[in-house]
Amino acid sequence: MIEIRGLYKSFGSLQVLRGIDLNVKDGEVVCIIGPSGSGKSTLLRSINLLETPTFGEIWIDGRLITPPDPYLHFDVIRASGTYAALMQGKDKNPGSDDDLAVINDIKKRDLLKESHEGRTYNKMLRQIEQENHMDAYATRQRIGMVFQHFNLFPHMTVLDNMLYAPMHVRKLSREAAEKKALELLASVGLMDKKDAYPATLSGGQKQRVAIARALAMEPEFLLFDEPTSALDPEMVKEVLEVIKNLVHAGISMVLVTHEMGFAREVADRICFLDEGVLMEDAPPDIFFSSPKSDRAKAFLEKVL
Amino acid sequence: MQFNFSILIPYLPQFGSALLVTLQVTVSALLLGILLAIPLSLCKILPVKPLQWLAAFYTSIFRGVPLMVQVFMIYFGIPLVTGLRFNAFQAGTLIFAMNSAAYLSESLRGGIKAIDKGQYEAAAALGVRYPGMMKDIIFPQAIKSVLPSIVNEFISLLKNTTLIASIGLVDILRVGQSVQTATYRAFEPFFFISVFYYMLVMLLSLLGKLLERQVNKSDRN
C-alpha cells in the first residue's frame, strides 16, 4: 500500500505539487493523467524518491520513506513552542475551536522552525522517524520504475541489464538471477535478444526489456513514467500489451500516461492532476463519462 | 654530404635496451596516471567544494609548470627538502604519471558529465548505491569517451619521456647523443631516432583506433 499525505514539491519558487493525498492499495492499477506541466511525473518520481518532497509524507506498507512532516501530526504541533505561544490564555483542550484554529494558522503560515520548538517537539519527530523510517535503497528495491526513455545500460547486454541489480543489490546468485531473467525475457517475447546490446533494439523492444529489468527485482509496485511517449506509433501496442499482461497478473502499478483508451481499459482508478492539485480520483467509467471539474472536462474534450 | 647509416650498427643493442627503458617509463606512467585520474576526476564531480578546489589546484600546477622544470624539481629539488630520494626511473615515472593524471582526469570528468542523467536514475531506481553506480554503470561508459584521450596521452607521454635523458636515464635519445659524441655524426642517429618515434606513434594510433572500435561495438546498430 502506498499512502501519500499532503505532498508538496517546489523547484525554487515554482510550486509543482500542492498538497496531494493519494492511496494505492495492493493489486490496484492507478493511472495519473493531466495536462503537461501538471506535476504528474513529479508525483510519480516522488514515490521512489527520485524527487525529494518539500512537505508531506509518503508511506510504503506502513513504513515512512520521507522525513516526518510535523504539520501532519497534530500532537507534534501541540508540543511545539510556537503552539504554546499562540495558545496563551486560550482553551487548551485538544479539539477545541481555539486548538484547531491555532493549528490551522500554524500550518497555513508554515510557522514551525525546528530550532525554536523545544525538546519535546524534536523528540517526538525523531521518534516517529526512528519507529517508521525506511531508507531510499530499501524503498527502491520494493518499487520498480519504467522510464519514458527506457534508460537501459548501453554497455551491457540485455541479459546483463536484467542481472545487474538482482545480483548486486539483492545479492542473488547468478543462477537464480538468470533463471528469473530468462523467464521474464520470455514473457515479454524477447528471448532471442538476450545477448544483444540495447543499441541494436527497436524502441518497443527496449521498453519491453526495461519492463523486464524492473520486474527482475520482484517489486511490489511498478511505476510507469509515460512508457509509450517516446515510441514510434507502431510500437506503442506491443508495449501496452506487455503492461496489460502485468495488470492481469495482479501487479500493483501507478502509470502516468497519455493513452486514454488504455487508461480507461486497465485502470481501477483515474487520478486527474492539474497545476499540482489532484482534481479528481474516480473509477474510469465515472471519470470519463461524467468528470466533476471543469478542468477535467476541458482536458477530456481536447484529448478524446 | 654523404650518409653512412652503417655507423649505427654497433649501437643497435644499446638502442634496443634504451627502447625498453622508454617503453617501461611510458607504460608505467600511463597506467599509474589512469589510476590516479579516477579518484581525481571523482573529486572534480563530487559536490564537495574543498575536494573540487584541491583537484583544480592539482591540475593547474601540472598545466602551469613546464614539464622539464617539473622533472628537475622532483629529481633534484624535492630530495633536498624532504630527504626523499628517487632514482631517475622512479622520478621520471612519477612525474609523468602525475602529469597524465591531471590531463586524463579532465577528460574523464567531461566523459562523466556527458552521461545522461537517466542512467543515474535508472540505477538509483533499481536500488543501486552510489559507489556501485559509479563503478559499474557510469565509469565504464565514461571511459569510452575518454579512450581517444588515453591514446593521445600515451603518444605524448612516449615523446615526452625523452626528457628523462636530462636526468641521466639512458633512453633512446641518450643513446643517440652518445653516438653523436663518439662518431661526430649527428644526422644519422637523430634521423634514425625520428623515424623510430614516428613509426612507434603511428603504430599506437592504429592500435588506439582498433581498441576504440572494439569498445564501441555495443553502440553499433
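A brief look at the structure comes next. Everything numeric in this text was worked out from a predicted model, so none of it was measured.

1. What to know about the packing of aromatic side chains
Alright, step 1. This structure, assessed with the given rule, holds 14 aromatic pairs over all chains.
Alright, step 2. Considering the side-chain rings of Phe272 of chain A and Phe287 of chain A, the 6.0 Å spacing of their centres and the 35° angle between planes classify their relative orientation as tilted. Note that Phe272 of chain A is positioned in strand E9 (residues 269-274) and Phe287 of chain A in helix H12 (residues 284-289), a separation of 15 residues in sequence. Note on accessibility: Phe272 of chain A and Phe287 of chain A belong to one class, buried.
Alright, step 3. With a centroid separation of 5.2 Å and an interplanar angle of 15°, the aromatic rings of Phe187 of chain B and Phe191 of chain B are classed as stacked. Of this pair, Phe187 of chain B and Phe191 of chain B both sit in helix H8 (residues 187-215), 4 residues apart, which is roughly one turn of the helix.
Alright, step 4. Of the residues examined, Phe191 of chain B reaches a relative accessible area of 40% and is grouped as partly exposed.
Alright, step 5. Within the aromatic cluster, the residues linked to one another by ring pairs are Phe272, Phe287, Phe288 and Phe299 of chain A.
Alright, step 6. Above the face of the Phe153 of chain A ring, Arg213 of chain A is positioned so that its terminal group lies 4.5 Å from the ring centre.
Alright, step 7. Lying over the aromatic face of Tyr137 of chain A, Arg129 of chain B brings its terminal NZ or CZ to 4.0 Å of the ring centre.

2. Some points on helix H4 (residues 88-113) of chain B
Because an α-helix completes one turn every 3.6 residues, residues spaced three or four positions apart along the sequence face the same direction.
Alright, step 1. Relative to the 38 Å expected for 26 residues at 1.5 Å per residue, H4 of chain B spans 37 Å between its end C-alpha atoms, a close match to the ideal helical length.
Alright, step 2. The opening residue of H4 of chain B, the one whose side-chain oxygen lies 3.1 Å from the backbone nitrogen of Phe89 of chain B, is Asn87 of chain B.

3. Comments concerning the packing of helix H1 (residues 12-45) of chain B against helix H6 (residues 130-160) of chain B
Each pair of packed helices can be summarised by the angle the axes make with each other and by the distance between the axes.
All names here are of chain B.
Alright, step 1. Across the interface, H1 lies against H6 with an axial gap of 10 Å and an inter-helix angle of 140°. One finds that H1 runs oblique with respect to H6. Crossing hand, H1 versus H6: right-handed. Across the interface between the two elements, Thr22, Leu23, Thr26, Val27, Ala29, Leu30, Ile34, Ile38, Ser41, Leu42 and Ile45 of H1 pack against Tyr130, Met134, Phe139, Ile150, Glu153, Phe154, Leu157 and Leu158 of H6.

4. Comments concerning the layout of surface pockets
Residue and element names in this part refer to chain A.
Alright, step 1. In this model, the largest pocket occupies a volume close to 370 Å³.
Alright, step 2. As for the largest pocket, its lining consists of 18 residues, and the residues nearest its centre are Pro67, Pro68, Pro70, Glu114 and Leu125.
Alright, step 3. Contributions of two or more residues to the lining of the largest pocket are made by strand E4 (55-60) and helix H5 (119-132).
Alright, step 4. A breakdown of the residues in the lining of the largest pocket according to their chemical character gives 9 nonpolar, 4 polar and 5 charged.
Alright, step 5. Within this model, the second largest pocket holds a volume of roughly 300 Å³.
Alright, step 6. Lining the second largest pocket we find 13 residues, and of these Tyr8, Phe55, Asp69, Tyr71 and Lys107 sit closest to its centre.
Alright, step 7. Looking at the lining of the second largest pocket, the elements that each hand over two or more residues are strand E1 (2-11), strand E2 (14-24) and helix H4 (97-109).

5. Considerations on the sheet that holds strand E7 (residues 221-225) of chain A
Residues and elements named next belong to chain A.
Alright, step 1. The 6 strands lie next to each other as E6-E7-E8-E3-E9-E10, forming an open sheet whose pairing is mixed. The open sheet has two edge strands with one neighbour each: strand E6 (143-146) and strand E10 (277-282). With strand direction ignored, the average angle separating the axes of adjacent strands in the sheet is 15°.
Alright, step 2. Contacts from helix H1 (residues 40-47) reach strand E3 (29-33), E6, E7, strand E8 (252-256) and E9 within the one sheet, and its direction differs from that of E7 by about 150°.
Alright, step 3. In the packing of helix H13 (residues 294-303) onto the sheet, contacts are made with E3, E9 and E10, and the angle to E9 comes to roughly 100°.

6. So, the packing of H1 of chain B against helix H7 (residues 172-183) of chain B
Residues and elements named next belong to chain B.
Alright, step 1. Between H1 and H7, the least distance of the axes is 8 Å, while the angle of their chain directions is 150°. Taken together, the axes of H1 and H7 lie roughly antiparallel to each other. For the pair H1 and H7, the contacting residues are Gln14, Phe15, Ala18, Leu19 and Thr22 in the first and Ile172, Val175, Gly176, Ser178 and Val179 in the second.

So, how was this worked out
- Residues numbered from 1 in each chain as written.
- Chains lettered and ligands numbered in written order.
- Predicted model: local features only at pLDDT ≥ 70, side-chain atom pairs only at ≥ 80, totals over all residues.
- Heavy atoms only, no water.
- Phe/Tyr/Trp six-rings, centres within 6.5 Å; stacked < 30°, edge-to-face > 60°.
- Helix = DSSP H or I, 4+ residues; strand = E, 2+ residues; numbered from the N terminus.
- Buried < 20%, exposed > 50% of the residue type's maximum accessible area, 1.4 Å probe, protein only.
- Lys NZ or Arg CZ within 6 Å of the ring centre and 35° of its normal.
- Expected span 1.5 Å × (residues − 1).
- Polar contact = N/O pair within 3.5 Å; in protein donor to acceptor, adjacent residues only side chain to side chain.
- Axes fitted to C-alpha atoms, helices over the stretch in contact; angles between N-to-C directions.
- Parallel < 35°, antiparallel > 145°, perpendicular 65-115°, else oblique.
- Left-handed = near helix turned anticlockwise from the far one by under 90°.
- Contact = heavy atoms within 4.5 Å.
- 1 Å grid on protein atoms, 1.4 Å probe; cavity = no way out; pocket = protein on both sides within 12 Å on 5 of 7 lines; lining within 4 Å.
- Points joined across faces, edges and corners; volume = space filled by probe spheres on them.
- Nonpolar A, V, L, I, M, F, W, Y, C, P; charged D, E, K, R; others polar.
- Pairing = 2+ DSSP bridges.

By themselves, these observations are geometric and do not establish any function.
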